[in-house]
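The primary structure of each chain is shown beneath.
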Amino acid sequence: MAGQPSLGQGQGIVEYFAQQLINGVTLGSIYGLIAIGYTMVFGIIGMVNFAHGDLFMVSSFIALLVFLFVTTIVGITSLFITLTIVLLASMFLTSLINWVIEKSAYRPLRGSFRLAPLISAIGMSILLMNFIQVAQGARNKPLAPMLTDVIKIAGEGNFVVAISYKQIVIVAVTALLLAVFWYLVQRTPLGRAQRACEQDSRMAALLGINVDRTISITFVMGAALAAVAGTMYLVYYGVVNFADGFVPGVKAFTAAVLGGIGSLPGAVVGGLLIGLIETFWSAYFSIEYKDVAAFSILAVVLIFMPQGLLGKPEVEKV
Amino acid sequence: MATMQSPAADPAMKPGLDYGAAFKDACLAGIIAFLIFGLLLGYETQQTLTNQIILVPRTMLLAGVVAIVVIGRFLINLWSAHRAQTLKTAPTKTTNPLLLKLEAQAGPAFLIAAVLFPAIVIIANGELQSSRYLVDLGILLLTYVMLGWGLNVVVGLAGLLDLGYVAFYAVGAYTYALLATTLVKLPGLEWLAPWMFWICLPVSGLLAALWGVILGFPVLRLRGDYLAIVTLAFGEIIRLVLINWVDVTNGGAGISSIPRPTFFGLPFSAADNGFAATFGITFDPMHRIIFLYYVIVALAAVTFIVTLRLRRLPIGRAWEALREDEIACRSLGINTTNTKLTAFSIGAMFGGFAGCFFAARQGFISPESFVFMESAIILAIVVLGGLGSMLGVIIATMVLIGGPEMLRNVESLRLVFGSDFDPTKYRMLILGIGMVLIMIWKPRGLISTREPTVTLGKKAQAISGDFVKEGHG
């Protein structure tokens with residue numbers, strides 16, 4: 001979390017709160033982007049894609065490697081062009097990886113016994129994590145800080161509310177891509193096919209929709225958004241590690257469940273909520289227990305409110 | 001990605017060995033592999049002294065991997081086309097009956113082998129000290145076998161996917177560590193010190209079982225995927241609490257100098273009241289290792305026998321029924337609450353015993369030993385061996401835990417892969433690939449059957465579980 005000034009006596013409380021709000025929204029947009037991948041896959045094939053968090057980590061590594069490749073080997077100096085290339089390349093390559101994963105590890109299991117896809121996804125998660133560890137080493141990979149300038153919004157002296165350029169970039173890119181994505185799902189034949197498969201894949205197949213292809217595209221779209229999150233994560237924290245996928249993955253899944261699994265706006269709302277809760281919990285209670293808070297929310301929501309905030313209650317058919 | 005070579009038999013492949021199409025498909029796979037691995041494997045990130053990261057190309061490695069993918073994909077294409085031609089009927093998915101028959105005999109055979117193991121090793125080596133490595137390895141393997149059998153009750157028999165099993169292992173270990181290090185300090189209880197392990201063992205098991213009920217109760221309504229995720233969350237919460245509750249658990253630094261188990265009151269020391277002196281033999285630190293080995297053999301045997309007997313009781317049959325179809329189970333009047341809770345608590349109890357043993361053997365524990373990956377390894381053992389299979393757990397443990405350990409000592413591998421080659425580095429990678437491949441090839445694991453443990457004689461077997469569509473519950 002960027003900037004945690006100590007609390008002054010009575011003054012600066014509003015500024016501190018506003019600062020945490022900005023930090024929380026930034027973190028929340030990253031979680032929201034990952035959560036969409038979980039929620040879409042669950043909506044369409046009813047499976048928790050356990051490897052999605054690790055895919056996010058892999059995309060972050062791809063972004064790191066593309067960044068280094070573009071700046072040191074190709075020699076582009078403009079940060080804007082570099083980041084655009086990094087984002088697009090990471091989205092493309094991560095989508096390709098998830099396409100291969102879906103085709104080889106999940107598709108053969110459709111119609112198999114009910115735990116099989118989840119176990120396969122857990123295996124895939126271990127595979128991705130350890131592949132990165134073996135291929136790129138276990139150490140943290142730091143990147144020189146970029147976009148460090150800040151804009152002061154309010155306050156003076158020690159109590160300022162500042163928003164850094166990278167926070168602006170993260171929130172802006174997230175909002176832009178969500179708009180594009182929203183258009184894709186709501187206004188194109190592709191999105192219509194997707195929503196049809198979500199409601200009843202057998203009926204959709206009877207009406208001439210290629211269900212396998214639609215599921216593939218769902219995985220590709222989820223991966224592309226995870227890659228955006230991975231790139232933003234790298235820009236925000238400037239460091240990535242092979243084990244970084246697990247905890248953000250669980251938190252994003254929590255966000256998807258909190259928002260109502262299967263619901264796209266729910267995933268974004270849930271992501272923002274989790275980001276805000278985590279930031280405020282660290283700011284006002286204890287930073288050590290912030291992950292405990294996230295995991296507890298997950299358990300409590302799943303047990304007492306499985307339909308989430310915006311989801312539909314699940315009706316079980318026999 | 002190695003899984004690209006999975007037999008995802010291309011529907012486009014026509015019968016008749018079409019080399020051209022197979023080659024084209026293989027080239028396409030090669031292009032995809034090049035795109036995916038181009039950066040991830042093709043460049044290594046290295047840190048310079050100024051903490052900057054530079055890229056170092058690894059062209060040969062990349063070329064090798066892409067070549068393997070192309071050739072592998074080509075061969076698989078040919079193989080599946082060939083098989084489509086020769087094999088008209090789909091192969092049956094049931095396990096070889098010979099293996100199932102073997103499983104029935106496996107228990108006593110493995111028990112005898114396990115009991116004789118140290119003796120064989122020591123006779124082969126001629127002295128005690130040099131056989132320490134192998135006996136230690138035996139202890140490690142048996143610990144995982146026991147954990148696998150414990151989790152097997154929850155996942156294999158009752159069909160409840162538990163991703164937080166390591167939490168109960170942690171409860172057992174911390175129970176022993178905390179009790180053993182604090183109880184003996186209380187005035188008037190010093191005389192208990194030599195008996196600590198034997199007092200704490202049942203306590204650890206009971207506490208773990210209690211935690212099984214506590215964590216099992218809220219998740220009763222959840223099914224399949226959700227249950228798995230919530231148990232994962234519980235496992236992580238327990239680990240995070242262990243890290244952060246420094247006053248009690250000493251946090252990430254862990255608890256050290258945990259008392260070692262004694263030979264029913266006789267410590268394994270060179271002292272006059274020690275084990276060696278009492279039995280009139282020369283003192284050797286290996287005595288304790290061998291004793292620990294037999295303790296874990298006994299614990300594993302207890303786990304095996306209890307599970308085997310429970311399967312034949314009504315509760316065991318209820319577990320198997322629950323695994324197959326929860327809704328049908330409830331309609332037939334089985335109390336699913338009790339069935340689930342007993343599965344959770346009995347599985348947890350074995351985990352607690354194993355944890356207590358682990359703490360006593362190591363003498364030091366920290367939250368590092370109870371990470372999610374440990375749960376994943378135990379789950380992988382159960383899944384790969386075959387859900388519900390006791391023999392499968394043994395085989396999977398030998399392969400997953402013993403395999404890399406043995407490979408580490410093979411000198412010739414080092415000549416091929418370089419001097420710093422360490423197969424344990426690749427263990428988790430292979431484990432992940434194995435989990436995916438086994439799910440595709442045999443979703444029920446290597447040795448598996450859906451036959452109920454108890455049937456009504458020959459007649460009832462006319463409709464085997466393998467022919468019945470699975471219910472969802």
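Source: prediction; values computed, not measured.

Observations regarding the overall build of chain A
- Along chain A, the regular secondary structure elements total eleven helices and four strands.
- Here the analysis covers contacts within chain A between residues at least 6 apart in sequence; of these, 75% occur between residues at least 24 apart.
- Summed over its atoms, the accessible surface of chain A is roughly 12,900 Å², and 65% of this surface lies on carbon and sulfur atoms.

A word on the environment of Leu78(B)
All names here are of chain B.
- Structurally, the position occupied by leucine 78 is in helix α2 (residues 59–86).
- A relative accessible area of 18% places leucine 78 in the buried class.
- Distance from leucine 78 to phenylalanine 23, taken between C-alpha atoms, is 9.2 Å for residues 55 residues apart in sequence.

Quick notes on the interface of chain B and chain A
- Chain B puts 67 residues into the contact, and the matching count from chain A is 68 residues.
- Taken together, the two surfaces of chain B and chain A that pack against each other cover about 6,200 Å², and 76% of this comes from carbon and sulfur.
- Applying the counting criterion to the chain B and chain A interface returns five residue pairs in polar contact (both at pLDDT 80 or more).
- Considering every element that reaches the side of chain B that touches chain A, the biggest residue donor is helix α7 (residues 224–244) of chain B, with 14 residues.
- Residue composition of the side of chain B that touches chain A, by class: 46 nonpolar, eleven polar and ten charged.

Describing the pattern of salt bridges
All names here are of chain A.
- For the coordinates displayed, the defined rule picks out 13 salt bridges over all chains.
- Note that lysine 251 and aspartate 291 form a salt bridge whose closest N and O atoms lie 2.8 Å from each other. Taken as a pair, lysine 251 in helix α9 (residues 246–259) and aspartate 291 in helix α11 (residues 290–304) lie far apart in primary sequence, 40 residues in all.
- Ionic contacts of the salt-bridge type, sharing partners, join the residues Glu102, Arg107, Arg110 and Asp212 into one network.

Digging into the environment of Ala376(B)
- Within the secondary structure, Ala376(B) sits in helix α14 (residues 372–385).
- Considered as a pair, Ala376(B) and Met428(B) are 52 residues apart in the sequence and their alpha carbons are 9.7 Å apart.

Here's the deal with the packing of aromatic side chains
- Tallied over the entire structure, the rule returns 26 aromatic pairs over all chains.
- Summarising the aromatic geometry, the rings of Phe50(A) and Phe372(B) are spaced 5.8 Å apart at their centres and angled 35 degrees between planes, so their arrangement reads as tilted. Residue Phe50(A) is found in the loop between α1 (13–45) and α2 (52–74), and its partner Phe372(B) is found in helix α14; the two belong to separate chains. Just as Phe50(A) is buried, Phe372(B) falls in that class too.
- Within the aromatic cluster, the residues linked to one another by ring pairs are Tyr16(A), Phe17(A), Phe280(A) and Tyr284(A).

Thoughts on the pairing of strand β2 (residues 53–57) of chain B
Residues and elements named next belong to chain B.
- The pairing of strand β1 (residues 43–47) with β2 spans five bridges and is antiparallel. In the strand pairing of β2, threonine 45 is matched with leucine 55.
- Between β1 and β2, which pair antiparallel one after the other, the connecting turn spans five residues, and asparagine 51 there sits at a positive phi close to 70 degrees.

Details of unusual backbone geometry
Residue and element names in this part refer to chain B.
- Located in the positive-phi region is asparagine 250, a residue other than glycine, with phi close to 65 degrees.
- By the element assignment, asparagine 250 lies in the loop between α8 (246–249) and α9 (275–279).
- Here asparagine 250 falls in the partly exposed class, since its relative accessible area comes to 40%.

Some thoughts on a nonpolar patch on the surface
- Together, Trp195(B), Ile199(B), Val203(B), Leu207(B), Leu210(B), Trp211(B), Ile214(B) and Phe264(B) line one region of the surface with nonpolar side chains, adding up to about 660 Å² of accessible area.
- Along the polypeptide, Leu210(B) turns up in helix α6 (residues 196–216).

Regarding helix α8 (residues 211–237) of chain A
- Compared with an ideal rise of 1.5 Å per residue, which puts 27 residues at 39 Å, α8(A) spans 39 Å between its outermost C-alpha atoms and is within 8% of the ideal.
- The element α8(A) is largely enclosed, with a buried count of 23 among its 27 residues.

A few points about the packing of helix α5 (residues 166–183) of chain B against helix α13 (residues 336–362) of chain B
All names here are of chain B.
- It is the contact of α5 with α13, at a shortest axis distance of 6 Å, that shows an interaxial angle of 45 degrees. Of the possible angle classes, the one that applies to α5 and α13 is oblique. Note on packing geometry: the crossing formed by α5 with α13 is right-handed. Residue-level inspection shows Phe168, Tyr169, Gly172, Ala173 and Tyr176 of α5 in contact with α13, the latter providing Ala348, Gly351, Gly352, Ala354, Gly355, Cys356, Phe358, Ala359 and Ala360.
- Counted by class, the contact of α5 with α13 contains ten nonpolar, four polar and no charged residues.

Topic: the packing of α9(A) against helix α10 (residues 264–284) of chain A
All names here are of chain A.
- Remark: α9 packs on α10, axes separated minimally by 7 Å, with the N-to-C direction vectors making an angle of 125 degrees. For the element pair α9 / α10, the angle class is oblique. Considering how the two elements wind past one another, α9 and α10 form a crossing that is right-handed. The residues of α10 that touch α9, namely those facing Lys251, Thr254, Ala255, Leu258 and Gly259, are Gly266, Ala267, Gly270, Gly271, Leu273, Ile274 and Glu278.
- Residues of the contact of α9 with α10, tallied by class, amount to five nonpolar, five polar and two charged.

Observations regarding the side chain of Asp162(B)
Residues and elements named next belong to chain B.
- One can find aspartate 162 in the loop between α4 (132–157) and α5.
- There is no salt bridge for the buried aspartate 162, and the closest opposite charge comes from lysine 340, which lies 13 Å off by N-O distance.
- Of the polar contacts made by the side chain of aspartate 162, one reaches the backbone nitrogen of glycine 164; its length is 2.9 Å.
- Discounting chain neighbours no more than four positions away, the residues touching aspartate 162 are Leu151, Val154, Val155, Phe168, Thr231 and Phe344.

The rules behind each value
- Residues numbered from 1 in each chain as written.
- Chains lettered and ligands numbered in written order.
- Predicted model: local features only at pLDDT ≥ 70, side-chain atom pairs only at ≥ 80, totals over all residues.
- Heavy atoms only, no water.
- Helix = DSSP H or I, 4+ residues; strand = E, 2+ residues; numbered from the N terminus.
- Contact = heavy atoms within 4.5 Å.
- Areas by Shrake-Rupley, 256 points an atom, 1.4 Å probe, with all protein chains shown as cover.
- Buried < 20%, exposed > 50% of the residue type's maximum accessible area, 1.4 Å probe, protein only.
- Buried area = accessible area lost by both parts, 1.4 Å probe.
- Polar contact = N/O pair within 3.5 Å; in protein donor to acceptor, adjacent residues only side chain to side chain.
- Nonpolar A, V, L, I, M, F, W, Y, C, P; charged D, E, K, R; others polar.
- Salt bridge = Lys/Arg side-chain N within 4 Å of Asp/Glu carboxyl O.
- Phe/Tyr/Trp six-rings, centres within 6.5 Å; stacked < 30°, edge-to-face > 60°.
- Pairing = 2+ DSSP bridges.
- Patch = residues over 30% accessible without salt bridge, like charges linked within 9 Å, V, L, I, M, F, W, Y side chains within 5 Å.
- Expected span 1.5 Å × (residues − 1).
- Axes fitted to C-alpha atoms, helices over the stretch in contact; angles between N-to-C directions.
- Parallel < 35°, antiparallel > 145°, perpendicular 65-115°, else oblique.
- Left-handed = near helix turned anticlockwise from the far one by under 90°.
- Lys, Arg positive; Asp, Glu negative; His and termini not counted.

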